[in-house]
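Notes for the structure review
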Amino acid sequence: MSRVDLHTTTTSAVGPGSPRSDVNRPWAPWVIAAATLVVVLALGYTLPAYWLLISTSVLVAMMSLLGLGIVTGTAGMIALCQLSFAAIGGWVLDFLMTQTGLYDALGGMAFIVAMLVGGVAAAVLGFVVGLPALRLRGVNLAVVTLGVAAALDMTLQKVSFPDQWSNVRVARPFGIPGASDLSGNRYYFFFVAVVVVVVALGIFFLQRGRWGAGWRSVAFSERGTASSGTSVTTAKLSAFTVSAFVGGIAGGLMVGQVTTANYITFQTLNSLGLYVLAIAVGAHFIEMTLVGALLFVLIPELLKQFKVPLEWSSIAFALLGIQALTTNSNLGADIRRLIIRRKRRRGQGGAELTLSSLEPIGAPVPQAASNVLLVVEDLSVQFGAVAALSSVSVDVREGEILGLIGPNGAGKSTFIDALSGFLPHHTGSISIEGLALDRMAPNRIARAGLRRTFQQDRVPSTMTVGTYMSFVAGRGVDRAEVEEVATFFGCPPLATPLQLVDVGTRRLIEVAANVAAKPRLLLLDEPAAGLSHEEHLAFADRLRAVPERFGVTLLIVEHDLDLVRSVCANLVVLNFGQVLAVGATEAVMSDPAVLKAYMGESEMIS
Ligand SMILES: Nc1ncnc2c1ncn2[C@@H]1O[C@H](COP(=O)(O)OP(=O)(O)OP(=O)(O)O)[C@@H](O)[C@H]1O
């Protein structure tokens, strides 16, 4: 079947708004934002004065959780100092509003400018706190961020806020009256709601874009992130910086609420409580930050009503945290899973395209062109006493699918790791089209045109098929191209959440995403593991068409020798880290030395 046939038979049902697209309902966030503001307006005119104050506190806590959700939920790192960022934002706002001529110069706008400057100051601290996160994970990162929170806590107690001991009050924005005035509190509630909605929209679009995909990817696999051309450093630091900026804005809003600042608001214990709530509700889901904020404000409030000491709220937060950590889930994810399951039961989504249901293309085994694309010379990798690779030299020619085979432990994955930049201490040289890759970072190698897939699952389950594929394919590849490649490989609809996709199909999606990136050379590490027999045949049929159709040369490591035979014109055999044989597939497979190396597997070869 020709390329055109494939196109006409499989892409006809595809288009914006179709089940294969995951960019449906672009109006939804705007409608939700507008509806939220209407509810806020209604609450502002109906709530009694006391509950108006409580509601403002809920919104401010929601802001803190929005920021925290980026680092903890989306990017999967631990940050126990969210209120330290708020303290910086609050301190800067307080200083600018009470100790400088900003208010005289800008009047009603001064608060907003001071709040933004406070956010930027907090973002700088966030960047600095993010630096250790480049090397530390888990408990170690927790200790560092807790240290930052404690240090700032103590510093604030010593130096205090600029207006803490004076009678100067912070002027609210747009001339809104102070904290003792009911209408002032009402208008300030509206102001906070608008800021929260604007920030939530900003975070929503960031989460949905490349930055968000980078954060989610880094949470799942740093190696996977790097090999898709994204810098792990940038992803982690941007998560901390954006999170701290939002935290700083929250701090400014807190100061504006009471028109003065006190270090007690920003204590370490409160940061810990926020963190626990962030992981318990899943603060990376924007709507769940409201649930978290309600708990954060209402639990101590309830204890106060029942005259229980406020310290007991820490115990309530600790119980929530234990529940979240032991179940390794959160409320937001549980609710989403439930909704997805119900939709599936109702059979929404229509008939799906699958790899084995595709019409065969029937392309011949691709032949190598005369020009050499990749040159590997004398590549050696040592792991302690183990020589995983010894002086391996391999050429990959343009347009071919080169097979790399060998018994278990022969060094195949090590070879791919070294080529893709994950083993910088190798010796020898690697170059692609004359460009030396030896000392390049993995993300730069990916951008230079050499990509790879992994033997283990590196596809984040927190994305949809479409978001993941677009992220891996990179900026230069538009939705239509992603859609075309997904269809070519029989991937599930782009709107499908990856958590619903089995591991074998996830790896197929990983291959498709990397093909969509159109690298010069793609290294596939056991791509067919997890596929059924029919899928193997269909996969081989698709792979054979890849070099000509997408201009991507392939090197494939695979234990299924039937698959290798059906797609590769040439093979390289590794054994004990050395090249045992190179040449045309059939000749290599009947080489006695190769048969001997495989021993028990010789039946499969012959
Ligand atoms: N990180 C490591 N530390 C120590 N030894 C390692 C490491 N990674 C690989 N090795 C060793 O290097 C050798 C080559 O391993 P490698 O995983 O590259 O083989 P392989 O051909 O890919 O095997 P398989 O087909 O089982 O995946 C093996 O002896 C392995 O035990």
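Being a predicted model, the structure only gives us computed values, none of them experimental. (Residues numbered from 1 in each chain as written. Predicted model: local features only at pLDDT ≥ 70, side-chain atom pairs only at ≥ 80, totals over all residues. Heavy atoms only, no water.)

**Here's the deal with the overall build of the protein chain**
- When its secondary structure is counted, the protein chain shows 25 helices and ten strands.
- Scored against the burial criterion, the 606 residues of the protein chain give a buried share of 53%.
- Summarising the internal contacts of the protein chain: among those between residues at least 6 apart in sequence, 75% fall at separations of at least 24.
- Summed over its atoms, the accessible surface of the protein chain is roughly 26,000 Å², and 63% of this surface lies on carbon and sulfur atoms. (Helix = DSSP H or I, 4+ residues; strand = E, 2+ residues; numbered from the N terminus. Buried < 20%, exposed > 50% of the residue type's maximum accessible area, 1.4 Å probe, protein only. Contact = heavy atoms within 4.5 Å. Areas by Shrake-Rupley, 256 points an atom, 1.4 Å probe, with all protein chains shown as cover.)

**Quick notes on the nonpolar core**
- Met 63, Leu 66, Phe 191 and Leu 253 are the most contacted members of the largest nonpolar core, which totals 90 residues.
- Among the elements that make up this core, the one with the highest residue count is helix α3 (residues 49–74) (13 residues).
- Every residue in contact with Met 63, bar those within four places of it in the chain, is listed here: Val 195, Val 196, Val 199, Val 246, Ile 249, Ala 250 and Leu 253.
- Leu 524, Ile 556, Leu 561 and Val 567 belong to the second-largest nonpolar core, a separate cluster that totals 58 residues. (Core = buried A, V, L, I, M, F, W, Y, C linked by side-chain atoms within 4.5 Å.)

**A look at the packing of aromatic side chains**
- Per the stated rule, a full pass over the model turns up 17 aromatic pairs.
- Relative to Phe 191, the ring of Phe 174 lies with its centre 6.2 Å away and its plane at 75°, an arrangement referred to as edge-to-face. On the criterion of sequence distance, the pair formed by Phe 174 in the loop between α7 (138–159) and α8 (182–208) and Phe 191 in helix α8 is long-range, its members being 17 residues apart.
- Using a relative accessible area of 52% as the deciding quantity, one classes Phe 174 as exposed.
- With a centroid separation of 5.0 Å and an interplanar angle of 85°, the aromatic rings of Phe 488 and Phe 489 are classed as edge-to-face. Each member of the pair Phe 488 and Phe 489 is classed as buried.
- One aromatic cluster is present, formed by Tyr 45, Tyr 187, Phe 189 and Phe 190 through successive ring pairs.
- Positioned over the ring face of Phe 454 is Arg 458, at 4.7 Å from the centre of the ring. (Phe/Tyr/Trp six-rings, centres within 6.5 Å; stacked < 30°, edge-to-face > 60°. Lys NZ or Arg CZ within 6 Å of the ring centre and 35° of its normal.)

**Notes on the sheet that holds strand β7 (residues 521–525)**
- Pairing in this open sheet of six strands is mixed, and the strands run β6-β7-β8-β3-β9-β10 from one edge to the other. The open sheet has two free edges, formed respectively by β6 (450–452) and β10 (578–584), since each of these has just one partner strand. Averaged over neighbouring strand pairs, the angle between their axes works out to 20° when direction is ignored.
- Direction of pairing for strand β9 (residues 570–575) relative to β10: antiparallel, over a ladder of six bridges. By the bridge assignment, Val 573 is partnered in β10 with Ala 581.
- Packed onto the sheet, helix α16 (residues 412–419) meets β3 (401–405), β6, β7, β8 (553–557) and β9 and runs at close to 145° relative to β7. (Pairing = 2+ DSSP bridges. Axes fitted to C-alpha atoms, helices over the stretch in contact; angles between N-to-C directions.)

**What to know about the side chain of Arg 542**
- Structurally, Arg 542 can be placed in helix α21 (residues 533–550).
- For Arg 542, a relative accessible area of 1% translates into the label buried.
- A polar contact is formed between the side chain of Arg 542 and the backbone oxygen of Phe 488, at a distance of 2.9 Å. (Polar contact = N/O pair within 3.5 Å; in protein donor to acceptor, adjacent residues only side chain to side chain.)

**Observations concerning the site of the ligand**
- Close to the ligand lie 14 residues, the nearest being Gly 409, Lys 412, Ser 413, Thr 414 and His 559.
- Separating an oxygen atom of the ligand from a backbone N or O atom of Gly 411 is a distance of 2.9 Å.
- The contact in question runs from an oxygen atom of the ligand to an N or O atom on the side chain of Thr 414, over 2.5 Å.
- For the ligand, whose unbound accessible area comes to 640 Å², protein coverage reaches 60%.
- Among the secondary structure elements, those contributing two or more residues to the shell around the ligand are β2 (386–397) and α16.
- With three residues, α16 is the largest single contributor of residues to the shell around the ligand.
- Class assignment of the residues belonging to the shell around the ligand gives a composition of five nonpolar, seven polar and two charged. (Near = heavy atom within 4 Å. Nonpolar A, V, L, I, M, F, W, Y, C, P; charged D, E, K, R; others polar.)

**So, the side chain of Arg 186**
- Tracing the chain through its elements places Arg 186 in helix α8.
- Within the buried set, Arg 186 has no salt-bridge partner at all; the shortest N-O distance to an opposite charge, 7.6 Å, is to Asp 181.
- What Arg 186 contacts, discounting residues up to four positions off in sequence, is Gly 44, Tyr 45 and Leu 52. (Lys, Arg positive; Asp, Glu negative; His and termini not counted. Salt bridge = Lys/Arg side-chain N within 4 Å of Asp/Glu carboxyl O.)

**Here we look at the UniProt feature "transmembrane region" (unreviewed entry) in the protein chain**
- Following the UniProt record, the feature "transmembrane region" (unreviewed entry) maps to residues 27–53, 65–93, 105–131, 138–156, 187–206 and 272–300 here.
- Taken end to end, residues 65–93 is 76% helix and 0% strand, and its two terminal C-alpha atoms sit 20 Å from one another.
- Segment residues 105–131 splits into 89% helix and 0% strand. End C-alpha atoms: 37 Å apart. (UniProt positions renumbered as here; feature names shortened; annotations may be inferred.)

**Thoughts on a positive patch on the surface**
- On the surface, Arg 25, Arg 341, Arg 342, Lys 343, Arg 345 and Arg 346 cluster together to form a positively charged patch.
- Tracing the chain through its elements places Arg 25 in the loop between α1 (3–10) and α2 (28–46). (Patch = residues over 30% accessible without salt bridge, like charges linked within 9 Å, V, L, I, M, F, W, Y side chains within 5 Å. Charge placed at Lys NZ, Arg CZ, Asp CG, Glu CD.)

**Quick look at unusual backbone geometry**
- The phi torsion at Thr 259 lies on the positive side, around 55°, for a residue other than glycine.
- Mapping Thr 259 onto the fold places it in the loop between α11 (232–258) and α12 (268–281).
- With a relative accessible area of 5%, Thr 259 lands in the buried category.
- For Asp 378, which is not glycine, the phi torsion reads 50° and is therefore positive.

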